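# Structural overview
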Amino acid sequence: MQRDVSLVIEGMTCASCVRRVETALGGVPGVSEASVNLATSKARLAVDPATVDPGALVEAVEGAGYELRPAELRLAVEGMTCASCVRHVERALSAVPGVLAASVNLATNEARVRYLPGLLDPSALEAASAAAGYPAHAVAEDADRADRDKAAEAREIGRLRRDVLFATLFTLPLVVVAMGRHVPGLEGLYAALPHRGWMLVEFLLVTPVQFGAGRRFYRQGFAELRHLAPGMSSLVMLGTSAAYLYSLVALAWPDLLPAGARHSYFEAAGVIITLILAGRLMEAAARGRTSDAIRKLLRLQAKTARVSRDGEEREIPVDDVVPGDVVIVRPGERLPVDGEVVSGSSYVDEAMISGEPLPVLKGAGAEVVGGTVNRTGSFTYRATRVGADTVLSQIIRMVEEAQGSKPPIQAMADRIASVFVPIVIAVALLTFAAWLALGPSPAISYAFVAAVSVLLVACPCAMGLATPTAIMVGTGKGAEMGVLFRKGAALEALARVTTVVLDKTGTLTRGRPELTDTVVVAGDLPRAEILRLVAAAESRSEHPVAEAVVRAAQAEGLALPEITRFEAEAGYGIEAVVQGRTVQVGARRHMERLGIATQAGAAQADALADQAKTPLYVAIDGELVGVLAVADPLKEGSRQAVAALRELGLEVAMLTGDTRQTAQAIAAEVGIDRVLAEVLPDQKAAEVTRLQGEGRSVAFVGDGINDAPALAQADAGLAIGTGTDIAIEAGDVVLMSGDLRGIVDAVGLSRRTLRTIRLNFFWAYAYNVALIPVAAGVFYTVWGVLLSPVLAAAAMSLSSVFVITNSLRLRGFRPSREAAQACPVGGGQPVGQPAE
């Protein structure tokens, strides 16, 4: 059966692009027709859903040199409890035709699915998850989602609380009946009924717990076994059912068991279910705190906006604001969308966006960000970005993607989880057989207790929660500090770096150079005339140095003449014709390429370079006439940041296109030992590659736009953003503030998060490695120790709670600026070190 599919293709620019894409897609098996529209950037295909491979479509487009944009859907998945559940849901979703990738996060109870629109209906994903035993529904993207998420979380906690109370109501008297005979003073009570009579009372008390409060384990457990993917619910179902059925046989058909083995384990089944439900309740309450950061960000989104339309003020839903609307903001109000101030001025609190605690003055022409708070005055601004395009929406999306992603360290856990539960079931069966064959009399009782204990103690909940809970809390804490991790892998990569490479301009420095010197070295042209000609030539350039020269000329009141020709060569310099004269400005290498002697100005240039200034040679009509110098002042906090990074044990290097003399002077001023100077823009990535070739793990820090290749090449790329001018797509990590101490925050937080993940994994695996042999009875012959199923269930529940609470300790991480105030650089606790 043929189906029409529409795909979005990025990167096409001409008719030949269209032809290449059509040819590539038409050659994919299962595609009978392919038609590409350049104007809409869409490809329409006629495909056979049963035979076409979505991955082959992606490979065909990418092989032709273009990019196919898939759709993405977030699903809220119910009923997941362990790493095996995660693996099971991922497999079910990945098996749906049209799905490219599926990633499930146990901590958020969410699945992220990338698929090709047209090949499947999103409802098919919900159906696939439900068929696997885990009901799911698409997550809506709007301002009310925080309230809905919290309500859904409250409903789940409410259900668990009701089940725990219900189970406890029956389990407490069950324990009294089962264990009271061993309590002095209660012996007379048991004379009222024979032993089997009390067993019947236990049966009546445990049955509502087993099939009422414990019904969720049966519902999920049967679904897991039906799909041959056993998980935690399967283990609990098998363990408690074994205890229940064994006791039922001892009650109703005692002759089927040896005389010494007719024991009741009804109380074990009831207590196990009650303990596990209580553990889940504590786990759900603690897990909810891991998503506090997202909820805080979502609450920053205003629900209404006051706009001026047709000469009157109107209050409208924020979703109805369109670019160009004039928004009116009063004191104390939250800005609904991004924009540019038109009139008025006020101080705006941008702490949740940039991490900076002090309000920022905003006047006409200033950019403002939706979600920030107006403090004092009133102003109007023109909306520029609305809806999903606002900075706050992008931040929320980035944090959610980071929390939903899996770092490399999770790969091992996923592989183990895929085989762990089947292995546990096999170990339980082997344990039962071994005790039955070799155990003391009554062997079947010992075999039963040991096998059930193995099933219950080995639930892989802690394994599934070890990474995602730490990633959630870590990325959320980062967002609060203005450090945005675009993916979970960035946390791990940054934690492992050994070398931090800092781009100079705009990273170490303010990125707004100032002209400091204009020196005449030859000829009879006066200084002002040289500056006037150079400024006119540089007026066509957008380079920061050119802007500095033009500002200086304008400040001196020099009138800039028109130019008739302009050429610029990145990394070298410019050439222009001004009033009939050829003006050439640039670095020494530019003059050397032009064949212009620089000896007359070399001494002055070297002297300026020694002062951490950048010298530029000026030639008029092919003859050197002067040397200019510009300096880019260091950012506040740069020295402290470099010192803190070195205290963290990192090598710090500076990369710049400046001459080595200038670069060395700036490096000495800021405290950097290693300098990579005279590096052209297209060589930055190569320099990072060279450092990696020396066996270093490199973090590159740049402005996120012209440094994109180096950011992509580095093991961890950190993009510096200031205010709303953020290169969201450039790096693995985005530092919302221009303060370099954000790098220290990012490194410190990533190291702390990785340590937390490792401790979580150590606990999860060590717990299982240690307790499975104990539960199986390995030490019974040595110390007479045989783990009770009740204690096994309690230990399993506590292991998950430990992992979550350990991850929540990340919320106590202290940013570097706080640490710097508590401990000056050079002594005591290193700046940026996390507070334990």
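Rules behind the numbers
Residues numbered from 1 in each chain as written. Predicted model: local features only at pLDDT ≥ 70, side-chain atom pairs only at ≥ 80, totals over all residues. Heavy atoms only, no water. Pairing = 2+ DSSP bridges. Helix = DSSP H or I, 4+ residues; strand = E, 2+ residues; numbered from the N terminus. Core = buried A, V, L, I, M, F, W, Y, C linked by side-chain atoms within 4.5 Å. Buried < 20%, exposed > 50% of the residue type's maximum accessible area, 1.4 Å probe, protein only. Contact = heavy atoms within 4.5 Å. UniProt positions renumbered as here; feature names shortened; annotations may be inferred. Axes fitted to C-alpha atoms, helices over the stretch in contact; angles between N-to-C directions.

Turning next to the pairing of strand β9 (residues 304-309). Sheet topology note: the β9/strand β10 (residues 312-317) ladder contains six bridges and is antiparallel. By the bridge assignment, Val 307 is partnered in β10 with Arg 314. The antiparallel pairing of β9 with β10 creates a hairpin that spans two residues between the two strands, and Asp 310 there sits at a positive phi of about 55°. Judged from the two bridges that link them, β9 and strand β11 (residues 326-329) form a sheet pairing that is antiparallel. When the bridges of β11 are listed, Val 307 appears paired with Val 327.

With 136 residues, the main nonpolar core has Leu 125, Leu 494, Leu 502 and Leu 718 as its most contacted residues. Considering each element in turn, this core owes the most residues, 15 residues, to helix α26 (residues 741-776). Dropping the residues within four chain positions of it, Leu 718 is found in contact with Leu 494, Ala 699, Phe 700, Val 701, Gly 702, Leu 711, Val 733, Leu 735, Ile 743 and Ala 746. Among the nonpolar cores identified, the runner-up in size contains 26 residues, and Leu 515, Ile 530, Ala 552 and Ala 576 belong to it.

Take the side chain of Ser 697 next. Within the secondary structure, Ser 697 is located in the loop between α24 (684-693) and β28 (698-702). Residue Ser 697 is classed as buried on the basis of its relative accessible area, which comes to 17%. When residues no more than four places from it in sequence are discounted, the contact partners of Ser 697 are Ala 493, Arg 496, Val 497, Thr 498, Thr 499 and Asp 715.

Right, let's talk about the pairing of strand β13 (residues 346-349) for a bit. Alignment of β13 against strand β14 (residues 360-362), held across three bridges, turns out to be antiparallel. Along β14, the bridge assignment pairs Val 348 with Val 360.

Sequence positions flagged by UniProt for "transmembrane region" (unreviewed entry) are, in local numbering, residues 164-183, 195-214, 235-253, 265-286, 416-438, 444-467, 761-783 and 789-808. Between the C-alpha atoms that bound residues 195-214 there is a distance of 26 Å. The span itself is 95% helix and 0% strand. Secondary structure across residues 761-783 divides into 87% helix and 0% strand, with the first and last C-alpha atoms of the span separated by 29 Å.

Moving on, we come to the sheet that holds strand β7 (residues 110-115). Strands pair in a sheet through their backbones, by hydrogen bonds, and they do so in one of two ways: parallel or antiparallel. The antiparallel open sheet is built from four strands, whose spatial order is β6-β7-β5-β8. Looking along the sheet, the strands with just one partner apiece sit at the ends: β6 (99-105) and β8 (136-138). Going from strand to strand, the sheet's axes swing by 25° on average, the running direction of each strand aside. Of the strand pairs in this sheet, β6 and β7 are connected by six bridges, and their pairing is antiparallel. Note on β7: the bridge partner recorded for Ala 102 is Val 113. Across the sheet, helix α3 (residues 83-94) is in contact with β5 (71-77), β6 and β7; its angle to β6 comes to roughly 160°.

A few words on the sheet that holds β14. Ordered by their spatial adjacency, three strands build an open sheet running β14-β13-β16, and the pairing between neighbours is antiparallel. Across the chains shown, the open sheet's two edge strands, defined by having one partner strand only, are β14 and β16 (373-374). Direction of pairing for β13 relative to β16: antiparallel, over a ladder of two bridges. Following the sheet pairing, Asp 349 is matched in β16 by Val 373.

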